[in-house]
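Examination of the molecular architecture
Take a look at the letters that make up each chain.
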Amino acid sequence: MKFIQGKPRNQWEMYCLDVHVDADNEVRLIDLFVDSLNLSELGFKDDFEENGRPAYNPASLLRLFIYGYLNRIRSSRQLEKECKRNLELMWLMRELKPDHNTIANFRKNNTNAIKQVFRATVKLAKHFDLIGGKLIAGDSTKLRAQNSKKNNFNPKKIELHLNRIDEKLEQYNLELAKEDGDATSKADSQQKIKKYQAQRSKYEQLQQELKESGDTQISTSDPDSRQMITRNHITEVAYNIQTSVDAKHNLPIDFKVTNENDYKAMGGMVRRAKTILGTSDFTALYDKGYHTGTEFDCAHKQGVKVLVAFPEVASHAPDHAFDVEHFEYSKETDEYTCPAGKKLTTNGNWYNKASGKTINRVKHYKTTACLNCPLFSRCTLNKKGRLIERSEHMDLIEANKARLQENPDLYRRRQAIVEHPFGVIKRQWDFYYIMTKRSIKHASSDVGMIFTAYNLRRIFNILDKNILKAYLKGLGLYFWPFQRRFRAVFGHSGFLDWEPEFLCTFSVVCLNVKKWGNFERNIYLKGSF
């Protein structure tokens, strides 16, 4: 029987990497995208001392990471292997083979620059009108940290460990007192006592660190990570990733890695979204975890309309018909009317009410008619009568509730918009944990690369590759070289301070003109104006 035959392994051939990479291969887009970036302005270090071995170009390592994350490879050791055996990476890296320490250090040391690369993907999407800028949705997702539950401690857990150690020490001290000439048993007991004393010292040190920091938790492997509820009362030591996603093509426009819950996150998310979109004329959708009076105030000051799900009532009246939502408030007279028709008034004073680390101002509303009301037992369990607290932010909270009732269909889109990136990243790509550890800053580098890869994947899938190539070539070949030369000669950018999109449109048009070839060689290859 005949079989398809391969080539002899010892046959010599003329070898060219470019032949093995198709013209429409994705790595060519990655290469052009990195070439289109001004890495020094993004924050990458490009001025290294001449002494010793030359450093790797940041552009090469950035290409490596973008390729890796797009192909679900995040490990620095795995990327090191791929540089030696993956033809696409050999082409992309020009056969450079950095070791895993160099690769890992690049990601660890360039947190802010990586965030700017993500911002560059958002600008790229905006240029091609992939960002609608009229409707965004915000939410968070938990990514597991490189820290086990065993290495996460709170005061109660530390106290349990100390009590257990005290019991063990007492047990072995009694055994040691009973030892009668058995040198082996005595030495064994002494060794165990020494072991538990060392453990006690460790837990006492953790206890002291918690008291000094004022935190409620401490993690030993990744100090900034915290134990959080992920779903259905299941907890993990994780980071909380706050994300804003544009509705048009489900593209993330912003992210922030935190170790706190959603309670105080909305204001910052709205402010950053306004800066990125360049306008306050958009609507932002959030779930009930973001329902906080102070955050509504932040959004109102930014001039942004938000729709936040209304949480369930924390406590009910004995008869639900007498819940506070059934009391009518009059803004003109600043009083409430109860279901029985009685007026609840305020003395006009503001009282501070603590809610976690936040202190809100509230007014108290009550009436003396409560004590003689036949509906008293159905309305309240307070012996002094019904008391209603009205927050200083209640007008904004009620306005949000009215918007929700007016736009139920709009709010229903929230989950479909914001969960799309989370589903791809965590279920398709299996990026449900943070690759780096030791600090929230290092975690931000990993998350930054994840969202950069996600945005590029969406852009590559949506846009025509030839149009994207032409744009990136124009940005990399003409705009940045012109800008650097203009600044060097005239001390400022002049007309080159205009938006890159304008100049790149010009250069892309010129790419289609044959005469442009000679002009390009004169000004670019020879380095002259």
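Above this note sits the structure.
Small disclaimer: the values here were computed from a predicted structure and weren't measured. (Residues numbered from 1 in each chain as written. Predicted model: local features only at pLDDT ≥ 70, side-chain atom pairs only at ≥ 80, totals over all residues. Heavy atoms only, no water.)

1. What about the overall build of the chain?
Scanning the chain from N- to C-terminus turns up 19 helices and 14 strands. Looking at the chain as a whole, 44% of its 529 residues qualify as buried. Within the chain, counting contacts between residues at least 6 apart in sequence, those at least 24 apart form 68% of the total. Accessible area of the chain: about 30,400 Å², with a carbon and sulfur share of 49%. (Helix = DSSP H or I, 4+ residues; strand = E, 2+ residues; numbered from the N terminus. Buried < 20%, exposed > 50% of the residue type's maximum accessible area, 1.4 Å probe, protein only. Contact = heavy atoms within 4.5 Å. Areas by Shrake-Rupley, 256 points an atom, 1.4 Å probe, with all protein chains shown as cover.)

2. Remarks on the packing of helix α3 (residues 58-70) against helix α16 (residues 440-462)
Remark: α3 packs on α16, axes separated minimally by 9 Å, with the N-to-C direction vectors making an angle of 70 degrees. In terms of orientation, α3 lies roughly perpendicular with respect to α16. Contacts between α3 and α16 pair L62, F65, I66, Y69 and L70 from the former with D446, M449, I450, A453, L456, R457 and F460 from the latter. Tallied by class, the residues present in the contact of α3 with α16 amount to 10 nonpolar, no polar and two charged. (Axes fitted to C-alpha atoms, helices over the stretch in contact; angles between N-to-C directions. Parallel < 35°, antiparallel > 145°, perpendicular 65-115°, else oblique. Nonpolar A, V, L, I, M, F, W, Y, C, P; charged D, E, K, R; others polar.)

3. Points about the side chain of R226
Within the secondary structure, R226 is located in strand β4 (residues 226-231). Using a relative accessible area of 13% as the deciding quantity, one classes R226 as buried. A polar contact is formed between the side chain of R226 and the backbone oxygen of P223, at a distance of 2.9 Å. Leaving out residues up to four positions away in the same chain, R226 has contacts with N152, D215, Q217, E236, V237, A238 and N259. (Polar contact = N/O pair within 3.5 Å; in protein donor to acceptor, adjacent residues only side chain to side chain.)

4. A look at the packing of aromatic side chains
Under the defined criterion, the tally for this structure stands at 16 aromatic pairs. Ring centres 5.9 Å apart and planes at 15 degrees place the aromatic pair F65 and F106 in the stacked group. One end of the pair, F65, is in helix α3; the other, F106, is in helix α6 (residues 100-109), and 41 residues separate them in sequence. In this structure, F65 and F106 share a single accessibility class: buried. Judged by centre distance (5.2 Å) and plane angle (50 degrees), the rings of Y286 and Y290 are tilted. Taken together through their ring pairs, the aromatic side chains of F44, F65, Y69, F106, W429, F431 and Y454 make up a single cluster. Seen from the ring of Y196, K195 lies directly overhead, with NZ or CZ sitting 5.3 Å from the centre. We note R390 situated over the ring of Y329; from NZ or CZ to the ring centre the distance is 3.6 Å. (Phe/Tyr/Trp six-rings, centres within 6.5 Å; stacked < 30°, edge-to-face > 60°. Lys NZ or Arg CZ within 6 Å of the ring centre and 35° of its normal.)

5. Things to note about α3
Taking 1.5 Å per residue as the helical rise, α3 with its 13 residues ought to reach 18 Å, and the 18 Å between its terminal C-alpha atoms agrees with that figure. With 13 of 13 residues buried, α3 lies mostly within the body of the structure. Backbone geometry just after α3 places R72 at a positive phi near 65 degrees. (Expected span 1.5 Å × (residues − 1).)

6. Some words on the pattern of salt bridges
Applying the stated criterion across every chain, the model contains 26 salt bridges. Of the charged contacts, one joins K84 and E80 as a salt bridge, the two residues approaching to 3.9 Å between their closest N and O atoms. Here the residue K84 and the residue E80 both occupy positions in helix α4 (residues 76-85), the gap between them amounting to four residues, near one helical turn. What makes K84 partly exposed here is its relative accessible area of 46%. (Salt bridge = Lys/Arg side-chain N within 4 Å of Asp/Glu carboxyl O.)

7. Some remarks on the pairing of strand β7 (residues 283-286)
Taking every second residue as pointing to the same face, both faces of β7 are buried, with T283 and L285 on one and A284 and Y286 on the other. The sheet contact formed by strand β1 (residues 135-144) and β7 spans three bridges and is parallel. Considered in β7, the bridge of I136 is made with A284. In this sheet, strand β8 (residues 305-308) lies alongside β7 in parallel orientation, the contact comprising four bridges. Across the sheet, residue T283 finds its bridge partner in β8, namely K305. Remark: the β7/helix α11 (residues 293-302)/β8 crossover connection has right-handed handedness. (Pairing = 2+ DSSP bridges. Right-handed = clockwise from strand over helix to strand, strands pointing away.)

8. Observations concerning the layout of surface pockets
The space that makes up the largest pocket amounts to roughly 1,500 Å³. Lining of the largest pocket is provided by 39 residues; of these, V313, A314, V324, E389 and M394 occupy positions nearest its centre. Breaking the lining of the largest pocket down by element, the ones donating at least two residues are β9 (328-330), β12 (351-355), β13 (358-365), β14 (388-391) and α13 (394-406). A breakdown of the residues in the lining of the largest pocket according to their chemical character gives 19 nonpolar, 10 polar and 10 charged. (1 Å grid on protein atoms, 1.4 Å probe; cavity = no way out; pocket = protein on both sides within 12 Å on 5 of 7 lines; lining within 4 Å. Points joined across faces, edges and corners; volume = space filled by probe spheres on them.)

9. A look at the packing of α4 against α6
The interhelical angle for the contact between α4 and α6, taken along N-to-C directions, is 125 degrees, at an axis separation of 8 Å. Relative to α6, the element α4 is oriented oblique. Regarding α4 and α6, the two cross each other, and that crossing is right-handed. In contact with S76, R77, L79 and E80 of α4, α6 contributes H100, I103, A104 and R107. (Left-handed = near helix turned anticlockwise from the far one by under 90°.)

10. Remarks on the sheet that holds β14
As summarised here, the arrangement of the three strands in space is β12-β13-β14, forming an open sheet in which the pairing is antiparallel. The open sheet is flanked by β12 and β14, the only strands paired with a single partner. Going across the sheet, the axis of each strand differs from the next one's by a mean of 50 degrees, ignoring polarity. Of the strand pairs in this sheet, β12 and β13 are connected by five bridges, and their pairing is antiparallel.

11. Observations concerning the nonpolar core
F33, L62, I66, Y286, V306 and L468 are the most contacted members of the largest nonpolar core, which has 103 residues in total. Per-element tally for this core: the top contributor is α16, with 10 residues. If we skip the residues at most four places from it in the chain, I66 touches I30, F33, V34, M449 and L456. Grouped together as the second largest cluster of nonpolar side chains are 12 residues, L162, L169, L210 and I218 included. (Core = buried A, V, L, I, M, F, W, Y, C linked by side-chain atoms within 4.5 Å.)

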